[in-house]
Amino acid sequence: MSFLKDKKILIAVTGGIAAYKIPILVRLFIKEKCQVKVIITEKAKDFVTPLTLSTLSNNPVESLFKTDDDNWNNHIEFALWADYIIVAPATANTIAKMASGVCDNLVLAVYLSSKCKVFVAPAMDLDMYLHPTTIKNLETLEKNGNFIVPSEKGELASGLFGEGRMAEPETIVQFVKENIKLNLPLLGIKVLISAGPTYEYIDPVRFIGNFSTGKMGFDLAKEASKLGAEVTLVSGTSNEDIKNYQNITLCKVITTKEMHDELWKHYPTSTIVIMAAAVADYKVKYIAQQKIKKIEFNLTIELEKNIDILKSFGDNKTNQFLVGFALETVNEEKYALEKLKRKNLDLVVLNSLRDKDACFGGDNNKITIFTKTQEKINFETKPKSEVSKDIFIEIIKQLNK
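Note that the structure is predicted; figures quoted are calculated from it, not measured. (Residues numbered from 1 in each chain as written. Predicted model: local features only at pLDDT ≥ 70, side-chain atom pairs only at ≥ 80, totals over all residues. Heavy atoms only, no water.)

1. Section: the overall build of the protein
- On a plain count of helices and strands, the protein comes out with 13 helices and 21 strands.
- In summary, the protein has a C-alpha radius of gyration of 27 Å against a globular reference of 21 Å for 401 residues, an excess of more than 25%.
- Summarising its shape, the C-alpha atoms of the protein cover approximately 90 × 45 × 45 Å along the three principal directions.
- Taking all 401 residues of the protein together, 50% fall into the buried category. (Helix = DSSP H or I, 4+ residues; strand = E, 2+ residues; numbered from the N terminus. Rg over C-alpha atoms; globule rule 2.2 N^0.38 Å. Buried < 20%, exposed > 50% of the residue type's maximum accessible area, 1.4 Å probe, protein only.)

Quick look at the structure:
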């Protein structure tokens, strides 16, 4: 799985001859399943065409501030959109302006408006690269929180041989990936997540179940993966998938007993455990060995209580951070807080079926989180992928206390 998958990459191209390599850089980020946009300076157009970059990135390329009343602030839009900004090639002129706060083109305006990580790939002649002013400017950029992609030794446009050559596109992409990896908050941490429904057999062809699709649990697993975790996902029947997520191990189960047994294989060695599955509370006491035939009279099926997986985790918790879900229809907060205490949870995530946005199978969800100290955190309706981010932000916050 690429740590760059789904990231929004803004490539800012300035007027150096190394700009001819930027189409390759765009293609490499696209291959990593990134969303890519490109902005360029006017001088950069001497070395690479906007048409080429827009074709490869599948997005318009801009070089000027928009002047119409509706879009005068396009530099802010770019800055807010990006997860990462790559300034490549970064000329001595651009580096000096970035270090001193000069703002006389779109690239610099976006840089000064940004709050995301910025990677700078210098490209210039040998003497310019080694000049004390350039060295000082690069040090200033680093002190300001930017990341410098080291220039490489090689033949330069001037005919000289030495440092100053822009890092190759493959090197830039790898540098960004390694930086992301090293700064992932859950790197190497084992996360255990349950998802989907459990089904309880009535006979060989019928079962008791619920409407859970597993989407919430799968989105949680994907988010944990993006944060660097080693994820084990134990799921009941679900059509969701985890393609391209190599650090997620998927274990398929059907019944609550199967889910219990599989989860317990991984629970003792897990640091974060999230029980997002809609586990059946009851099972059929006497499962028919053959298909039950239709009869003239009513059919009575006796149910017995199922094992409570979450409580068994809470009762045997050592160093695990344990998260449960509470899907309620009445007295929602009361029941969620009772669950938090009774099952020894560190967080409980509350949904209410009275909220149309909390239904099974939908793309959106609306949650309230209660911490172990009963702090209440409300959230607006969001896509489940965004809800997953909110949940992990709170988990990481609690772990770091």
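2. So, the pairing of strand β1 (residues 8–13)
- Across the six residues that make up β1, a large majority, five, are buried.
- Bridge count between β1 and strand β2 (residues 35–40): six bridges; the pairing is parallel. Along β2, the bridge assignment pairs Ala12 with Ile39.
- Since β1 and β2 lie parallel, the crossover through helix α1 (residues 22–31) that links them has a hand, and here it is right-handed.
- The pairing of β1 with strand β3 (residues 84–90) spans four bridges and is parallel. Among the inter-strand pairings, Ile9 is bridged to a residue of β3, identified as Tyr84. (Pairing = 2+ DSSP bridges. Right-handed = clockwise from strand over helix to strand, strands pointing away.)

3. Notes on the sheet that holds β1
- Taken in spatial order, the five strands line up as β2-β1-β3-β4-β5 in an open sheet, and their pairing is parallel. Each edge of the open sheet is held by one strand with a lone partner, namely β2 and β5 (147–148).
- Each of β3 and β4 (117–122) touches helix α4 (residues 92–100); the most contacted strand, β3, lies at about 135° to it.
- Those strands touched by helix α5 (residues 106–113) are β1, β2, β3 and β4, and its axis lies near 125° from that of β2. (Contact = heavy atoms within 4.5 Å. Axes fitted to C-alpha atoms, helices over the stretch in contact; angles between N-to-C directions.)

4. Thoughts on the environment of Cys116
- Summarising the element assignment, Cys116 is placed in the loop between α5 and β4.
- What Cys116 contacts, discounting residues up to four positions off in sequence, is Ala82, Asp83, Tyr84 and Ile85.

5. Re helix α3 (residues 74–81)
- Of the residues making up α3, those classed as buried are Asn74, His75, Phe78, Ala79 and Trp81. End-on, the buried residues of α3 take up no more than an arc of 165°, which puts them together on one face.
- Against β1, β2 and α5 lie the buried residues of α3. (Arc of directions from axis to C-beta.)

6. Some remarks on unusual backbone geometry
- Cis peptide bonds are those with omega within 30 degrees of zero, and the linkage from Ala88 to Pro89 qualifies with -10°.
- Of note in the backbone geometry, Lys33 takes a positive phi value of approximately 70° without being a glycine.
- For Lys33, the position within the fold is in the loop between α1 and β2.
- Non-glycine residue Asn58 carries a positive phi angle of around 65°.
- Position of Asn58 relative to the elements: it lies in the loop between α2 (50–57) and α3.
- We classify Asn58 as exposed; its relative accessible area is 62%.

7. Digging into the sheet that holds strand β17 (residues 347–352)
- The mixed open sheet is built from eight strands, whose spatial order is β12-β11-β8-β13-β16-β17-β19-β20. Each of the sheet's edge strands pairs with one partner strand only, and the pair in question is β12 (248–252) and β20 (376–378). Averaged over all pairs of adjacent strands, the angle between their axes in this sheet comes to 15°, without regard to strand direction.
- Relative to strand β19 (residues 368–371), β17 runs antiparallel, the two sharing four bridges. Among the inter-strand pairings, Val349 is bridged to a residue of β19, identified as Ile369.
- In the packing of helix α12 (residues 332–342) onto the sheet, contacts are made with β16 (321–328), β17, β19 and β20, and the angle to β17 comes to roughly 155°.
- The sheet strands contacting helix α13 (residues 384–399) are β8 (190–195), β13 (272–275), β16, β17, β19 and β20, and the helix crosses β16 at an angle near 140°.

All quantities given are derived from atomic positions and should not be read as evidence of function.
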